[in-house]
Amino acid sequence: MLAAPLSRPPPLGPGSDASQRPPGVEAGFRAAIEAACAFIGATTPNPPVGCAILDATGRVLVAAAHQRAGGSHAEAQALRLLEQAGLTAQAAALVVTLEPCNHTGRTGPCTEAILASPVRTVWIGSADPNPLVTGHGAERLRDAGIAVHMLNGPDDALSRACQALIAPFRCRAITGHPWITVKQALDASGSMIPPRGASTFTSSASLRLAHRLRRCTDAIITGTGTILADDPSFTVRHLPDHPGRRRILAILGRGDRVSAETIQAAGARGFDVRSIRSLDEVLPTLGEAGVMWAMVEAGPSVLASLREAGLWDDWLTITQADPTRHDPVDRLDVSLSPRRAGEVSPLSLLPELSDTSNTQWDDDA
Ligand SMILES: NC(=O)C1=CN([C@@H]2O[C@H](COP(=O)(O)OP(=O)(O)OC[C@H]3O[C@@H](n4cnc5c(N)ncnc54)[C@H](OP(=O)(O)O)[C@@H]3O)[C@@H](O)[C@H]2O)C=CC1
Ligand SMILES: Nc1c(N[C@@H]2O[C@H](COP(=O)(O)O)[C@@H](O)[C@H]2O)[nH]c(=O)[nH]c1=O
């Protein structure tokens, strides 16, 4: 396999009936998902997509991903890698996390690139949620004599991972608004407020997770209370960021408590700052700015407002471990909003959270 492994793919759940699939398809999807995960946060407004090409024995020959909007799609990228490696003649099956496009956008149709290759079987992880595109790619391939298989089923771990990859894209395609992830850190006593003089109480592993989430998202939503209390940088520092990435920093506040110097400093750190006066403005402002996935890093006041308004899609709670324990490890919980019932959280793709179930939020709890 030519793509470098960059993150751990999700584990196979009990519902994945690997025995029903020919050899190599599971490994192909894992390689494709892994390749796509490395570019979450870099492809907006496009979804992250991964592709792997297998030989007739099911061996993964190459894996590749869509890396940025306007750049090659994952299928074209994988076919190019295959050619560069002199392996084109060995290609038999192609595995891709999202239905191949059948239209000419900024790049040519992937269906035609596949048809021009020796590939005769295509496995698709999820249909394209864009109503203008959905079904057409699969149909074009079938009409040309390709055997096309689509993953589906809520118990299929690979299908769920492919759904998770497009969750923010799907949300934006259907509503015009971003997927909103709340990240809330609690200390061992249940408080969100760091001790005086400190900015954090979570472990270095959890900080890495928090920074990975920043890397995956297009915007950070905060409140003036957090800006004034912490003067946060909101940068990605605990792991490498996507090169040249600019993000939106949306600051909720009814007045003008944040100084021009603070806004200017955030701009110098790579943020386009938006002041948001009311909750009603959050989704339209971020939607118009092209945000696909936004995260909230705010204090108790903003979180209470969002919770009350139901203005969130998934909620990550990082609870500091009891410091008196011998080997303290923070507890990580992910809840899915009732408005996302039956969907899959994109958080499940983060290696630190791949074992965390998407529990439904119980509002009476
Ligand atoms: N543990 C964690 O995960 C985090 C902890 N924190 C901590 O939280 C503390 C700050 O808490 P807090 O003051 O609650 O900060 P917030 O980030 O929640 O900001 C509060 C401010 O947000 C604005 N706001 C809140 N709700 C609305 C709404 N519905 N419409 C418009 N504006 C709104 C108001 O601004 P205005 O008054 O200008 O109208 C309000 O004063 C700090 O100690 C910080 O360290 C912060 C982030 C994460
Ligand atoms: N205290 C706290 C968090 N707080 C969040 O991190 C912000 C500081 O970010 P930065 O300036 O980039 O270091 C702070 O303002 C708040 O939004 N996060 C966590 O994961 N764990 C923690 O214990």
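Per an unreviewed UniProt entry, the chain goes by Riboflavin biosynthesis protein RibD and derives from Lichenicola cladoniae.

Draft legend 1. Representation of the domain arrangement of the chain within the structure. Partitioning the chain into structural domains gives domain 1 (18-164) and domain 2 (177-360). Centre-to-centre separation of domain 1 and domain 2, based on C-alpha positions: 31 Å. When residues in the side of domain 1 that touches domain 2 are grouped by element, the largest group, four residues, is from helix α5 (residues 157-175). Grouping the amino acids of the side of domain 1 that touches domain 2 by side-chain chemistry returns six nonpolar, three polar and one charged.

Draft legend 2. View of the site of ligand 2. The immediate surroundings of ligand 2 are formed by 17 residues, with A185, T200, D230, P232 and E297 found nearest. Among the elements of the structure, α6 (204-216) and α7 (224-230) are those that each provide at least two residues to the shell around ligand 2. Counting residues per element, the shell around ligand 2 draws most heavily on α6, which supplies three residues. Class assignment of the residues belonging to the shell around ligand 2 gives a composition of eight nonpolar, seven polar and two charged.

Draft legend 3. Looking closely at the nonpolar core. Counting residues in hydrophobic clusters, the biggest one holds 94 residues, and the most contacted among them are A32, C51, A52, I53, A78 and V95. Considering every element that reaches this core, the biggest residue donor is α5, with 10 residues. Split by domain, this core shows at least three residues from each of two domains, domain 1 (18-164) and domain 2 (177-360). In contact with I53, not counting residues within four places along its chain, are L61, V62, A78, L82, A91, L94 and V119.

Draft legend 4. A look at the UniProt feature "domain: CMP/dCMP-type deaminase" (unreviewed entry) in the chain. With numbering matched to this structure, UniProt assigns "domain: CMP/dCMP-type deaminase" (unreviewed entry) to residues 23-148. The span residues 23-148 carries 30% helix and 17% strand; its end-to-end C-alpha distance comes to 16 Å.

Draft legend 5. Seen up close, the pairing of strand β9 (residues 271-276). Across six bridges, the pairing between strand β8 (residues 247-252) and β9 is parallel. Note on β9: the bridge partner recorded for R247 is F271. With respect to chirality, the unit in which β8 leads through helix α8 (residues 260-268) into the neighbouring parallel β9 is right-handed.

Draft legend 6. Highlighting helix α1 (residues 25-37). For α1, spanning 13 residues, the distance from its first C-alpha to its last is 18 Å, which sits close to the expected 18 Å at 1.5 Å a residue. Taken residue by residue, α1 has V25, G28, F29, R30, A31, A32, I33, E34, A35, A36 and C37 as its buried positions. On its buried face, α1 is in contact with β1 (50-54), β2 (60-65), β3 (93-96), β4 (121-124) and α5.

Each value, and the rule that gives it
Residues numbered from 1 in each chain as written. Chains lettered and ligands numbered in written order. Predicted model: local features only at pLDDT ≥ 70, side-chain atom pairs only at ≥ 80, totals over all residues. Domains from an automatic or database assignment. Helix = DSSP H or I, 4+ residues; strand = E, 2+ residues; numbered from the N terminus. Nonpolar A, V, L, I, M, F, W, Y, C, P; charged D, E, K, R; others polar. Near = placed C-beta within 6 Å. Core = buried A, V, L, I, M, F, W, Y, C linked by C-beta atoms within 7 Å. Buried ≥ 20, exposed ≤ 12 C-beta atoms within 10 Å, placed from the backbone. Contact = placed C-beta atoms within 7 Å. UniProt positions renumbered as here; feature names shortened; annotations may be inferred. Pairing = 2+ DSSP bridges. Right-handed = clockwise from strand over helix to strand, strands pointing away. Expected span 1.5 Å × (residues − 1).

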